[in-house]
Amino acid sequence: MPEAKVQVAASILSADFGHLADEAKRIEDAGADAIHIDVMDGHFVPNFSLGARAVEAIHRSCNLFLDVHLMIYNPFDYVESFIAAGADQITFHFEATENVEDALKFIRKCGKKAGLAFNPETSSSFISSFFHRCDLILFLTVHPGFGGQRFLKDVAKKIQTTRELLERMQGRKEHAMDIQVDGGINPETARIAVRAGANYLVSGHYLFSQPNMKAAIEQLKGCAS
Ligand code: DX5
Ligand code: ZN
């Protein structure tokens, strides 16, 4: 399994929305590698969350890498506004558009990292055909739309298959691609995900419910050992 260092993004969905700037600073001070910002449209998922103006406010309040996760239909139509707001990486769902290739190409053309997300029940048998266009594959380990749900262990098989495919391409550019997991991540589930081959953990409920976010991030980063 991978030797790569584990990165942790804190999902701001579990933060206090009345104090987003302070919460962004808190995540930065706690040593997270990125702030994960969930964008929901009430259609692709049955909930609403933050939009480009909130991304812009978070961008102004800290220097962290902004990892934007679009859970919306027609993501291509909104990519530019999130980039203008300060997104460093944009991940959208395979299930949300017929223009997967075009959207990935466009994000990269804008100089940003491009990610492709898969819901827990979506097959990943064709996944390698997108490797050359992606900087990141995101596996949802909950049904998207809400924080604080239970980790779906079965997704670990897809993570493992994807990591094995990447390993086979060792030496090629695609090998540098990140495998991110999002949903129900805590020290116990982080270990399952990292053992399966993930190197990038998103955590919301767990990190925000701990008395010491810095220690909690360090614990997640150390879950491989
Ligand atoms: C779920 C979101 C996640 C969520 C993860 O739709 O994509 O980013 O915030 O949060 P936890 O760690 O609470 O499951
Ligand atoms: Zn997310």
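Data block above holds the structure.
Residues numbered from 1 in each chain as written. Chains lettered and ligands numbered in written order. Predicted model: local features only at pLDDT ≥ 70, side-chain atom pairs only at ≥ 80, totals over all residues. Heavy atoms only, no water.

Chemist: I'd like to hear about the site of ligand 1, residue by residue, with values.
Modeler: If you check the shell around ligand 1, you find 17 residues, and the closest are Ser11, Asp38, Gly145, Gly148 and Asp182. At 2.7 Å, a side-chain N or O of aspartate 38 approaches an oxygen atom of ligand 1. A distance of 2.9 Å separates an oxygen atom of ligand 1 from a polar backbone atom of histidine 205. Coverage of ligand 1 by the protein chains reaches 99% of its 380 Å² of free accessible surface. Placement of ligand 1 is best described as lying within the largest pocket. Split by residue class, the shell around ligand 1 holds four nonpolar, eleven polar and two charged. (Near = heavy atom within 4 Å. Polar contact = N/O pair within 3.5 Å; in protein donor to acceptor, adjacent residues only side chain to side chain. Areas by Shrake-Rupley, 256 points an atom, 1.4 Å probe, with all protein chains shown as cover. 1 Å grid on protein atoms, 1.4 Å probe; cavity = no way out; pocket = protein on both sides within 12 Å on 5 of 7 lines; lining within 4 Å. Sits in = over half its atoms within 2 Å of the grid points. Nonpolar A, V, L, I, M, F, W, Y, C, P; charged D, E, K, R; others polar.)

Chemist: Can you lay out the coordination of the zinc ion (ligand 2) for me, pointing to particular residues and giving the numbers?
Modeler: Protein coordination at the zinc ion (ligand 2): the donors are His36 (NE2), Asp38 (OD), His69 (ND1) and Asp182 (OD), at 2.1 to 2.2 Å from the metal. Of note is the zinc ion (ligand 2), whose six donor atoms meet at the metal with angles of 71 to 171° in an arrangement that counts as octahedral. When the donors of the zinc ion (ligand 2) are listed by position in the chain, the intervening gaps give H-x1-D-x30-H-x112-D. Of this pair, histidine 69 sits in strand β3 (residues 65-71) while aspartate 182 sits in strand β7 (residues 178-182); the two residues are 113 residues apart in sequence, bridging distant segments of the chain. Accessibility expressed as a relative area gives 9% for aspartate 182, which makes it buried. (Donors = N, O, S within 2.8 Å, 3.2 Å for Na, K, Ca; no water. Tetrahedral: all angles 85-135°; square planar, octahedral: opposite > 155°, others 65-115°. Helix = DSSP H or I, 4+ residues; strand = E, 2+ residues; numbered from the N terminus. Buried < 20%, exposed > 50% of the residue type's maximum accessible area, 1.4 Å probe, protein only.)

Chemist: An account of the side chain of threonine 122 is requested, with residue identities and associated values reported.
Modeler: Following the sequence through the fold, threonine 122 ends up in the loop between β5 (113-118) and β6 (136-140). Judged by its relative accessible area of 15%, threonine 122 falls in the buried class. Side-chain polar atoms of threonine 122 contact the side chain of glutamate 95, separated by 2.5 Å. Residues contacting threonine 122, with those up to four places away along its chain left out, are Phe94, Glu95 and Lys158. (Contact = heavy atoms within 4.5 Å.)

Chemist: Explain unusual backbone geometry residue by residue, including any values.
Modeler: Even without a glycine there, the phi angle at asparagine 74 is positive, about 50°. By the element assignment, asparagine 74 lies in the loop between β3 and α3 (79-85). Since its relative accessible area comes to 46%, asparagine 74 is described here as partly exposed.

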